[in-house]
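Single-letter residue listing:
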Amino acid sequence: MPWKIDAVFAPLERVLSRIDIDGTVDTAKGRPVFREDSRGGWYEVAEALQGIIDFHRIAAGRFGWGIDLAPLERLHRKLDLDSPLLENDLASARVCIDTLKRHATTLTLGQAKGLLRDAKIGWELEKITEATA
């Protein structure tokens, strides 16, 4: 379902394009954000990136995908910490996104839903761990 894959990656790709064009991102409370048109809301870029990373890390382990998530992890870290981005950060993130999109086309809807469910479980466990620490 290419439109679902596009719905996941298009907002992030728009953020990267804007950084390329004028070096800026929208912010709210000092955090980089993007507008997701289909839901009409604003979302933190770093959190969205973490979700994409987690989803694909699980998928890579489950399906034996040989993918390198380091470029997205670096982009996530830099956006989260408000660190300067280099041209190479953006270029390598785009290559990584293209790879993830290609792999995502091989998933069935059931597989994708299962991966998302497992990622959500991980996020909830992380919240519980943080709350009890």
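Above this text is the structure in question.
Every residue gets a number counted from 1 within its own chain, in the order that chain's sequence is written. The predicted nature of this model means local features are confined to residues of pLDDT at least 70 and side-chain atom pairs, given and counted, to a pLDDT of 80 or more, with totals for whole chains, interfaces and linings taken over all residues. To obtain the side-chain values, all non-hydrogen atoms of the structure were used and water was disregarded.

Some remarks on the overall build of the protein
Here's step 1: Helix numbering and strand numbering both begin at the N terminus, where a helix is a DSSP run of H or I of at least 4 residues and a strand a DSSP run of E of at least 2. Assigned secondary structure in the protein consists of five helices and three strands.
Here's step 2: Secondary structure of the protein in N-to-C order comes out as α-β-β-β-α-α-α-α.
Here's step 3: Throughout, the radius of gyration refers to the C-alpha atoms, and the reference size of a globule is 2.2 Å times the residue count to the power 0.38. Its C-alpha atoms give the protein a radius of gyration of 15 Å, within 12% of the compact-globule value 14 Å for 133 residues.
Here's step 4: Projected onto the principal axes, the alpha-carbon positions of the protein cover approximately 40 × 40 × 30 Å.
Here's step 5: Each residue is placed in one exposure class: buried if its accessible area under a 1.4 Å probe, protein chains only, is under 20% of its type's maximum, exposed if it is over 50%, and partly exposed if it falls in between. Relative to its full complement of 133 residues, the protein shows a buried share of 34%.
Here's step 6: A separation of at least 24 residues holds for 55% of the contacts in the protein among residues at least 6 apart in sequence.
Here's step 7: Working definition of accessibility: Shrake-Rupley area with a 1.4 Å probe, residue cover restricted to the visible protein chains. For the protein, the accessible area works out to roughly 8200 Å², and carbon and sulfur atoms hold 56% of it.
Here's step 8: Charge counting treats Lys and Arg as positive and Asp and Glu as negative, with His and both chain ends excluded. Charged groups are reduced to one reference atom each: NZ for lysine, CZ for arginine, CG for aspartic acid, CD for glutamic acid. Charged side chains of the protein number 19 positive and 21 negative; the gap between the two group centres comes to 5 Å. By definition, residues are in contact when any of their heavy atoms lie within 4.5 Å.

Focus on the environment of P84
Here's step 1: By the element assignment, P84 lies in the loop between α3 (70–81) and α4 (87–104).
Here's step 2: Taking the relative accessible area as the measure of exposure, P84 reaches 64% and is therefore exposed.
Here's step 3: Once residues lying within four places of it in the same chain are set aside, the contact partners of P84 are K78 and D89.

Concerning the pattern of salt bridges
Pairs can form between side chains of opposite charge once their charged atoms are near each other.
Here's step 1: Salt bridge, as used here: a side-chain nitrogen of Lys or Arg that lies within 4 Å of a carboxyl oxygen of Asp or Glu. Here the structure, examined in full by the defined rule, presents 13 salt bridges.
Here's step 2: Look at the salt bridges and you will find they share partners, linking R18, D22 and D26 into a network.

Focus: the layout of surface pockets
Here's step 1: Quantified by volume, the largest pocket comes out at close to 1600 Å³.
Here's step 2: Going through the elements one at a time, α1 (2–22), β2 (31–36), β3 (41–44), α2 (45–63), α3 and α5 (109–132) are the ones with two or more residues in the lining of the largest pocket.
Here's step 3: Counting residues per element, the lining of the largest pocket draws most heavily on α5, at eleven residues.
Here's step 4: A class-by-class count of the residues in the lining of the largest pocket yields 21 nonpolar, seven polar and 14 charged.
Here's step 5: The volume enclosed by the second largest pocket comes to roughly 200 Å³.
Here's step 6: Taken together, 16 residues form the lining of the second largest pocket, with G23, V25, L79, D82 and L85 sitting closest to its centre.
Here's step 7: Residue assignment for the lining of the second largest pocket shows that the elements contributing at least two residues are α1, α3 and α4. Every definition here rests on a 1 Å grid over the protein atoms only: cavities are sets of points where a 1.4 Å probe fits but cannot get out, pockets are open sets enclosed by protein on both sides within 12 Å along at least five of seven lines, and lining residues have some atom within 4 Å of a point. Grid points are joined across faces, edges and corners, and a volume is the space filled by probe spheres set on the points. Polarity classes work like this: nonpolar for Ala, Val, Leu, Ile, Met, Phe, Trp, Tyr, Cys and Pro, charged for Asp, Glu, Lys and Arg, and polar for all others, with Gly in that last group.

Digging into the packing of α1 against α4
Geometrically, a packed helix pair is captured by the angle between its two axes and the distance between the axes.
Here's step 1: Relative to each other, α1 and α4 sit at 170°, their axes nearing to 11 Å. Judged by the angle between their axes, α1 and α4 are roughly antiparallel. Contacts between α1 and α4 involve I5, F9, L12, E13, L16, S17, I19 and D20 from the former and L90, A93, R94, I97, D98, L100, K101 and A104 from the latter.
Here's step 2: Partitioned by chemical class, the residues of the contact of α1 with α4 number ten nonpolar, one polar and five charged. Axis definition: a line fit to C-alpha positions, over the contact stretch in the case of helices; interaxial angles, taken between N-to-C directions, run 0 to 180 degrees. Note on terminology: angles under 35 degrees are roughly parallel, angles over 145 are roughly antiparallel, angles of 65 to 115 are roughly perpendicular, and the others are oblique.

Focus: α4
Here's step 1: To estimate the expected span of a helix, subtract one from its residue number and multiply by 1.5 Å. For α4, which comprises 18 residues, the first-to-last C-alpha distance of 26 Å matches the rise-based estimate of 26 Å (1.5 Å per residue) to within 8%.
Here's step 2: Each element contacted by the buried residues of α4 is listed here: α1, α2 and α3.

Don't take any of this as a statement about function, it's just geometry.
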